[in-house]
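# Chain and residue survey
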Amino acid sequence: MSRGFVKEDDQEEIPLVPRRAYLPEGVTNFVTPSGLQDLLAEKQALINERDTLSISSENENEKRITANFINAKLQQLNERIETARMISPEEQPKDEIRFSASVTLKIQATGEIQTFRIVGADEADISKGKLSFLSPLAKLLINKKQGDTIMAKQAGKDMVFEITGISYER
């Protein structure tokens, strides 16, 4: 039957769910312990939202659409949780930059200090100083040691950074 002959109220709306943070196929989904806790908390919040939905909404069609949206988000989230490989900071070498390291960098040209933590794709938030391990800067930093320098492009210019500190926190 053509969609033109279906009542408007009977049409099932397919929810468009934004994709999670980019994680290329075949790349291990590394997470920090706090990142895994965040994913599990997000899952519980979505389950709670879905459970309260049946109580709060009176419009059945609206309920169904919202439940579909939540279920689609849960499906994506469950895939991330199932593939998560937690890396404990205690397991990392203290003198080398690896996943979950907090790295202090000094911009050689200005002396400005910046600190970043290398985290999982879902944890990354540059406003909080959290870099995805997939980011170009994180890739440059991996396996480096304190005192090493790296060169990276920033705003179209070559910038030299000196690694002045490496730490691992839980």
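None of the values given here were measured: they were computed from a predicted structure.

### Digging into the side chain of Glu-123
For Glu-123, the position within the fold is in the loop between strand 4 (113–119) and strand 5 (130–132). Buried charge without a partner: Glu-123 forms no salt bridge, and the closest opposite charge is Arg-117, 5.4 Å away. At a separation of 2.3 Å, a polar atom in the side chain of Glu-123 contacts the side chain of Thr-32. Polar contacts involving the side chain of Glu-123 include one to the main-chain amide nitrogen of Gly-120, which spans 3.0 Å. Apart from residues lying up to four places away in sequence, Glu-123 is in contact with Phe-30, Val-31, Thr-32, Ser-34, Gly-35, Phe-99 and Lys-130.

### Topic: the sheet that holds strand 4
Ordered in space as 5-4-3-7-6, the 5 strands form an open sheet in which the pairing is mixed. Each end of this open sheet is capped by a strand with a single partner; those strands are strand 5 and strand 6 (149–154). With strand direction ignored, the average angle separating the axes of adjacent strands in the sheet is 40 degrees.

### Some details on the packing of aromatic side chains
Two measures describe an aromatic ring pair: the distance that separates the ring centres and the angle between the ring planes. Applying the stated criterion across every chain, the model contains 3 aromatic pairs. Both rings, one in Phe-30 and one in Phe-99, keep their centres 5.7 Å apart while their planes meet at 40 degrees; by these two values the pair is tilted. Here Phe-30 is found in strand 1 (residues 29–31), whereas its partner Phe-99 is found in the loop between strand 2 (84–86) and strand 3 (101–107), with 69 residues between them in sequence. We classify Phe-99 as buried; its relative accessible area is 7%. Ring geometry for Phe-99 and Phe-133: centres 5.8 Å apart, planes at 80 degrees, overall edge-to-face. Residue Phe-99 is found in the loop between strand 2 and strand 3, and its partner Phe-133 is found in the loop between strand 5 and helix 3 (136–141); the two are separated by 34 residues along the sequence. Judged by its relative accessible area of 12%, Phe-133 falls in the buried class. What links up through ring pairs into an aromatic cluster is the set Phe-30, Phe-99 and Phe-133.

### A closer look at the environment of Glu-123
On the basis of relative accessibility, which here comes to 11%, the residue Glu-123 falls in the buried class. Separated by 84 residues in the primary sequence, Glu-123 and Leu-39 have C-alpha atoms spaced 8.9 Å apart.

### Remarks on the pattern of salt bridges
Applying the stated criterion across every chain, the model contains 9 salt bridges. Of the charged contacts, one joins Arg-20 and Asp-122 as a salt bridge, the two residues approaching to 3.2 Å between their closest N and O atoms. With a gap of 102 residues between them, Arg-20 in the segment before strand 1 and Asp-122 in the loop between strand 4 and strand 5 connect regions that are remote in the sequence. The exposure class of Arg-20 is partly exposed, given its relative accessible area of 21%. Each of the salt bridges in this network shares a partner with another, and the network as a whole consists of Arg-20, Glu-42, Arg-80 and Asp-122.

### What about the environment of Asp-148?
Take Asp-148: it is sitting in the loop between helix 3 and strand 6. Here the alpha-carbon distance between Asp-148 and Ile-163, two residues 15 residues apart in the chain, equals 5.6 Å. Of note is the side chain of Asp-148, whose polar atom sits 2.9 Å from the backbone nitrogen of Lys-145.

### Quick word on the nonpolar core
In terms of nonpolar packing, the biggest core is built from 24 residues, with Ile-97, Val-103, Leu-105, Ile-118 and Leu-141 touching the most fellow members. If you list the elements that add at least two residues to this core, you get strand 3, strand 4, helix 3, strand 6 and strand 7 (157–168). The biggest single contributor to this core is strand 7, with 5 residues. In this view, Ile-97 contacts Val-103, Ile-118, Leu-141, Ile-142, Asn-143, Lys-144, Ile-163, Ile-166 and Tyr-168; residues no more than four positions away in its chain are not counted. With 8 residues, the next largest nonpolar core counts Val-31, Ile-47, Leu-74 and Leu-77 among its residues.

About the criteria used
- The residue numbers shown here count from 1 along each chain, following its written sequence.
- Owing to the predicted nature of the model, reporting of local features is limited to residues with pLDDT of at least 70; listing and counting of side-chain atom pairs is limited to 80 or more, with chain, interface and lining totals taken over all residues.
- Hydrogens are left out, water is left out, and the side-chain values use all remaining heavy atoms of the structure.
- Numbering goes from the N terminus for both helices and strands, where a helix is a DSSP run of H or I of at least four residues and a strand is a run of E of at least two.
- Partly exposed describes any residue whose relative accessible area lies between the buried limit of under 20% and the exposed limit of over 50%, with all areas from a 1.4 Å probe on protein chains only and scaled to the type maximum.
- The charged-residue count follows a simple rule in which Lys and Arg add positive charge and Asp and Glu add negative charge, with His and chain termini not counted at all.
- In the sections that follow, a salt bridge refers to a side-chain nitrogen of Lys or Arg positioned within 4 Å of a carboxyl oxygen of Asp or Glu.
- By the criterion applied in these results, polar contacts are pairs of N or O atoms within 3.5 Å in which, for protein atoms, one can donate a hydrogen and the other can accept it, and in which residues neighboring in sequence qualify only through two side-chain atoms.
- Any two residues whose heavy atoms approach within 4.5 Å are treated as being in contact.
- Strand pairing is defined by DSSP finding a minimum of two bridges between the two strands.
- Angular values range over 0 to 180 degrees, each being the angle between N-to-C directions of two axes fitted as lines to C-alpha atoms, with helices fitted over their stretch in contact.
- Two rings from Phe, Tyr or Trp (for Trp, the six-membered ring) form a pair when their centres sit within 6.5 Å of each other. Planes less than 30 degrees apart are called stacked, planes more than 60 degrees apart edge-to-face, and all others tilted.
- Here, the term nonpolar core denotes a set of buried Ala, Val, Leu, Ile, Met, Phe, Trp, Tyr and Cys residues that are joined through side-chain atoms within 4.5 Å.

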